[in-house]
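# Understanding the architecture of this molecule
Listed below, chain by chain, are the residues.
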Amino acid sequence: MSNPSFQRRRALIQAGGIAAGAAALGMPNLVFADVKEIKIGFVSPQTGPLAPFGEADKFTIEQMNKLFGGGLDLGGKRVPVRIIQKDSQSNPNRAGEVANDLILKDKVHLMLVSSTPETANPVSDACELNEIPCISTVVPWQPWFFGRKGDPAKGFTWTYHIFWGLEDVIANFLAGWNSVPTNKKVGGLFPNDGDGNAWGDKERGFPGPLSKEGYSLTDPGRFQNMNNDFSAQIAAFKKDNVEIVTGVVIPPDAKTFLTQAKQQGFKPKVVTLGKALLFPAAIEALGDLGDGLTTEVWWSPSHPFTSSLTKQSAKALADSYEGATKKQWTQPIGFAHALFEVAVDALKRAKDPGDAASLRDAVAATNLKTVVGDVKWGGGGPFKNVSKTPLVLGQWVKGTKNKYDLVIVNNSQAPAIPAGGKMKLM
Amino acid sequence: MTAWLDTIVQGVLLGGLYALFAMGQSLIFGVMRLTNTAHGDFIILAAFGAFSLALALGLPPAAAPWIAMGVLLPIAFAAGYGLQRFVLNGTLGKDPLPSLVVTFGLAIVIQNVLQEVYSADPRSIDSGGLNIASVEIGGGLAVGTLPLLIFGVAVVMAVAMQWLFGRTALGRAFRAVSDDRDAAELMGLDHRHVYALATGIAFALVAIAGTLHGMKTTVSPSDGPALLLYAFEAVIIGGMGSFYGTFAGGVILGVTQAIGFRIDPGWGIWAGHVVFLAMLLFRPSGLFPKTR
C-alpha cells in the first residue's frame, strides 16, 4: 500500500508544484497569503511498552490547543493552527506509517516527534525523504544520528534534533560515582536493543570512558528485554566484586534484577540506571527497592528555565501538570513543551510558513531560550542537526508529598542547574 | 561447581514460573485445541485485578495479595466460564482460524482497556517484603522465597490438575470431549458446558499466576505477549493434555535458558527456543502426550 517510490514521486510533484507556484507568483509573501491553516503533526508512543514516555503529551497538546485557540500571528495575519496527533503504538513500523499519513494525507507543514529511537528515527526518516521539516527529541543524539546512518560530514537536510548525548550520560554517571567511595568496579546491564547496544558499544558507549577514569567494567553481554532471570548477571557481578551497577533497562527488568540481587545476596553500593528509573510510577512499583537509585535527569522543576510561549518557569509548568492530571511530574513534560516552543518560534520567523523550505530554514536558524534550555542548531551541538540540552544526575529519595522524589545530586556537567542534595550510597 | 549448581537451581525456579504461566494454557489447549493467543494478556489482566483488589481491601501488605488472590479466583472462574460459553464456543470448529483471530482480538482489547484504566505506568503488588526475602541453602547459595513459593505452587497445580484429569468425573468429561466430541455428546455430555468449565478452571489458574507474577515483578498493560510465548513453549515441550508434561516443559525451558544465560546473556532465550524447535522436529507430540 505505502509504496515509497510512489510517495517520493508524489512529494516531488508537490514540491515541484509549490516551487512552480512560488516562481509564478514571484513574491513569497503572496504565496504566504494562501496559507489558510498551519498543520503540525505530532507523533509519540501513546500505547504499548513505550507509553510512559508519551503520557505527558496529552496535557501538552491540550495546553497548546488552548494557546492556539485563535490562531497565531504569522506575518501580520492571523492563521489558525491545528495539531494532528498520531500514536506510534511503540512500534517503529507504525511510527513510519503514521508519519507518511501525516505528510501525504494530512499535508502537515511541520512534524514534531518525541520519545525513543523506535519513534523518532522512522518519523525523521519519513520527513527527510518527503522534504518536510521535522523536530525531534527525547532520544540521545547518537542513536538518532548514527541509528539513521547519518554522515557527520553532511548531516541531514530536513530533520533537527534537541537532546543530550551518551557522552553527557557517561560524564554525569562518572561524576556521581567519583563523589562517593567505591572500589571502582562497575557491572553493566545492556540489553539487546537500540539503547543497550549504543551504551555498551566499545567505541561510542561506556567501556572507553570508564577505563580512562580507572573503572573496571563487567559486561556479561546483551540480553533480551523482558528478561525473567538475572542470576547469570548477578553471579558475574558477585564474582568480580562489583559495587556499582549501571545500564539502560526497561522497568520490569529493573525490578526483576533488583529483586533477584536482594534474594541472592548481591548488595551494590550504587545503582545508576537509564530509562527504567525515569518515571515516578516505575519507582513506586519498586517499593522499598527504589530508595537511593540514581538516574540521569534531563528536565526537572528546579531547572532554571522559562517557557518562551507561556512564560511559565519549569516549576510552574510541572505544577500545572500535577494540578491538571493529579500525577507527579515526569521529565518528558519539558521536552514536549519545548518542541512546540521551537515550532511556534520557527513559524513566526519563517518568511513563508506554508513553504517547507522556508520553514526549514527558520527551524535551522533557531536561537531560542526554552523551558529545557537554549536551543540553537550548529552551535554547541556535535552536528548542524543536533542542539544539546544540559544533563545532570538525580537520586530517588523517599519524599514527603510523593512516595519518592527525584533530587538532583550532581550538577558538575551543568552548574546552572541547582543541586538539591549530595549523592548517598545505598 | 557452585556456579553451575546455582545456574541449575535458578533455572529450575525460573521453570516453575514458566510452568505456572503454562498451566491454564495447557488445559485450554489440551481440552479444546484452542490456541488462546490472549493467554499472556489474561495473566496481566489478572495481575492488575489482584493489584486493585489488594489496594481496595486496605489490609497489611503481607496478607493483602493472598486475600486478593482468593477473591479473584471465583471471579476469574466465572469470567472464564462466561467467555467460553458465550464467545469462544462459537469459534470452535475444524478451522482453527476463527478462535485464533478472536483471541488475538481479545488480546488487543485487553491491552487497550488496561491502558485506558491504569495508564501505561508499571505497577507491582506490594507483598510486604516477601519478594526480596531469601533462603540460604548452604554452600553460599541463596534462593528467593517468592520464586521458591512460585515453584511450589506450580508443583501443587500440576499434581492437582493431573488428579482432576485422571481421577474425577469432571476430568473424564474433559478427556472425553477432547478425544471425541460427538461420541461424548451421545453419552449425554454437553460439550459447551464442559468446555466452559475447562476455561473457568484455566482462568482460576491464570488468576493465581497473574497475582504471583504481579508480586514478583512489575506489570504494565503491554506485557502480555511476552508471557504467552514461554507458556506456549512449555505446553508444546511437555505434550498435550499432560500437566506433569507441562510442568516438565516449563522446567526444561527454564534450565535451558539459565544455562544459556550463563554462557552468554544473549543466548538464554535463544537456547530455550532451540530446545523448543528440536522438540517440534524430533518429538512433535511432546514429552508426555496424553491426548491427541
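Throughout, a residue's number is its position along its own chain's written sequence, starting from 1. Ligands are numbered from 1 and chains lettered from A, in the order in which they are written. Totals for whole chains, interfaces and linings use every residue, but because this is a predicted model, local features are given only for residues with pLDDT of at least 70 and side-chain atom pairs only at 80 or more, for both listing and counting. Note that water and hydrogens are dropped before the side-chain values are worked out from all heavy atoms of the structure.

What follows deals with the overall build of chain B. Here a helix means four or more residues in a row that DSSP labels H or I, a strand means two or more in a row labelled E, and each is numbered from the N terminus. Within chain B, the secondary structure is distributed over 11 helices and 2 strands. Its helices and strands in sequence order give chain B the pattern α-α-α-α-β-β-α-α-α-α-α-α-α, from N to C terminus. In terms of overall size, chain B behaves like a compact globule, its C-alpha atoms giving a radius of gyration of 19 Å where 292 residues would be expected to give roughly 19 Å. The C-alpha extent of chain B, read off along each of the three principal axes, is 60 × 50 × 35 Å. In chain B, which comprises 292 residues, the share counted as buried stands at 55%. Here the contacts in chain B between residues at least 6 apart in sequence split such that 76% fall between residues at least 24 apart. Here Asp and Glu are counted as negative and Lys and Arg as positive; His is not counted, and neither are the chain ends. By convention, the point assigned to a charge is CZ for Arg, NZ for Lys, CD for Glu and CG for Asp. Placing the 14 positive and 15 negative side-chain charges of chain B at their respective mean positions leaves the two points 12 Å apart. We compute the radius of gyration over the C-alpha atoms and compare it with the globule rule, which gives 2.2 Å times the number of residues raised to the power 0.38. Three labels apply to residues, based on accessible area from a 1.4 Å probe with only protein chains included: buried if under 20% of the type maximum, exposed if over 50%, partly exposed otherwise in between. Only heavy atoms matter for contacts: two residues are in contact if any of them lie within 4.5 Å across the pair.

Below, the discussion takes up the domain arrangement of chain A. Residue and element names in this part refer to chain A. Where a domain begins and ends is set by an automatic assignment or by a domain database. What the domain assignment lists for chain A is domain 1 (21-164 + 302-387) and domain 2 (167-297 + 393-410). Its C-alpha centre places domain 1 at a distance of 31 Å from the equivalent point of domain 2. Between domain 1 and domain 2, the contact holds 17 residues from the first and 21 residues from the second. For domain 1, the biggest contributors to the area lost against domain 2 are Trp164, Gln328 and Gln331; these three give 39% of the whole. We count a salt bridge whenever a side-chain nitrogen from Lys or Arg sits within 4 Å of a carboxyl oxygen from Asp or Glu. Summed over the shared surface of domain 1 and domain 2, the number is 1 salt bridge. Between lysine 401 and glutamate 322 there is a salt bridge; the shortest N-O distance is 3.2 Å. Values labelled buried area give the accessible surface lost by two parts on being combined, using a 1.4 Å probe and summing over both.

Moving on: the nonpolar core. In terms of nonpolar packing, the biggest core is built from 87 residues, with Val31 and Phe174 of chain B touching the most fellow members. Not counting chain neighbours up to four residues away, the residues in contact with valine 31 of chain B comprise Phe165, Phe174, Val177, Ser178, Tyr195 and Ala198 of chain B. In this text, buried Ala, Val, Leu, Ile, Met, Phe, Trp, Tyr and Cys residues form a nonpolar core when linked through side-chain atoms within 4.5 Å. Of all hydrophobic cores here, the second largest spans 71 residues; its members include Val169, Phe173, Ile244 and Val245 of chain A.

Moving on to the sheet that holds strand S15 (residues 386-387) of chain A. Residues and elements named next belong to chain A. Pairing between two strands is assigned when DSSP locates at least 2 bridges connecting them. Here 6 strands make up an open sheet; going across it, the order is S4-S1-S5-S6-S7-S15 and the pairing parallel. Two strands lie at the open edges of the sheet, namely strand S4 (81-87) and S15, each paired on one side alone. With 2 bridges joining them, strand S7 (residues 159-162) and S15 adopt parallel strand pairing. Within S15, the position partnered with isoleucine 162 by the bridge is serine 387. Interaxial angles span 0 to 180 degrees and are taken between N-to-C directions of axes, which are lines fitted to C-alpha atoms, for helices over the stretch in contact. Relative to S7, helix H16 (residues 356-364) is tilted by about 25°, and along the sheet it contacts strand S5 (110-114), strand S6 (134-137) and S7.

This paragraph deals with the side chain of serine 124 of chain A. Residue and element names in this part refer to chain A. Tracing the chain through its elements places serine 124 in helix H6 (residues 117-130). At 3.1 Å, the side chain of serine 124 forms a polar contact with the side chain of tryptophan 144. When sequence neighbours within four positions are dropped, the list of residues in contact with serine 124 reads Val113, Cys134, Ser136, Trp144, Arg148 and Thr159. Here a polar contact means two N or O atoms within 3.5 Å. Within protein one must be a hydrogen donor candidate and the other an acceptor candidate, and residues neighboring in sequence count only if both atoms are side-chain atoms.

Turning our eyes to something else, we now look at the interface of chain B and chain A. Every contact between the two is made by 35 residues of chain B and, on the other side, 33 residues of chain A. Here chain B and chain A share an interface that buries about 2800 Å² over both sides, 57% of which is from carbon and sulfur atoms. Across the chain B-chain A interface, the total number found is 1 salt bridge. The residue aspartate 121 of chain B makes a salt bridge to lysine 327 of chain A at a minimum N-O spacing of 3.1 Å. Counting only elements with at least two residues in the side of chain B that touches chain A, the list comes to helix H1 (2-32), helix H4 (97-118), strand S2 (142-144), helix H8 (191-216), helix H9 (224-238) and helix H10 (243-263) of chain B. In terms of residue count, H1 of chain B provides more of the side of chain B that touches chain A than any other element does, 5 residues in total.

All names here are of chain A. Of all 5 residues in strand S8 (residues 185-189), 4 are buried; the element is thus mostly enclosed. Pairing analysis gives 3 bridges linking S8 to strand S9 (residues 216-218), with the strands arranged parallel. Residue glycine 187 lies in a different strand from S9, and its bridge partner there is threonine 218. Two strands pair when backbone bridges link them, and S8 and strand S10 (residues 244-249) are joined in this way by 4 bridges, in the parallel orientation. Among the inter-strand pairings, glycine 188 is bridged to a residue of S10, identified as threonine 246.

We now examine the side chain of lysine 255 of chain A. Within the secondary structure, lysine 255 of chain A sits in helix H12 (residues 251-263). Buried and without a salt bridge, lysine 255 of chain A has aspartate 126 of chain B as its closest oppositely charged side chain, separated by 7.3 Å. In this structure the side chain of lysine 255 of chain A is engaged in a polar contact, spanning 2.6 Å, whose partner is the side chain of serine 124 of chain B. Apart from the residues lying within four places of it in its own chain, the contact partners of lysine 255 of chain A are Ala285 and Leu286 of chain A together with Ser124, Asn131, Met215, Lys216, Thr217 and Thr218 of chain B.

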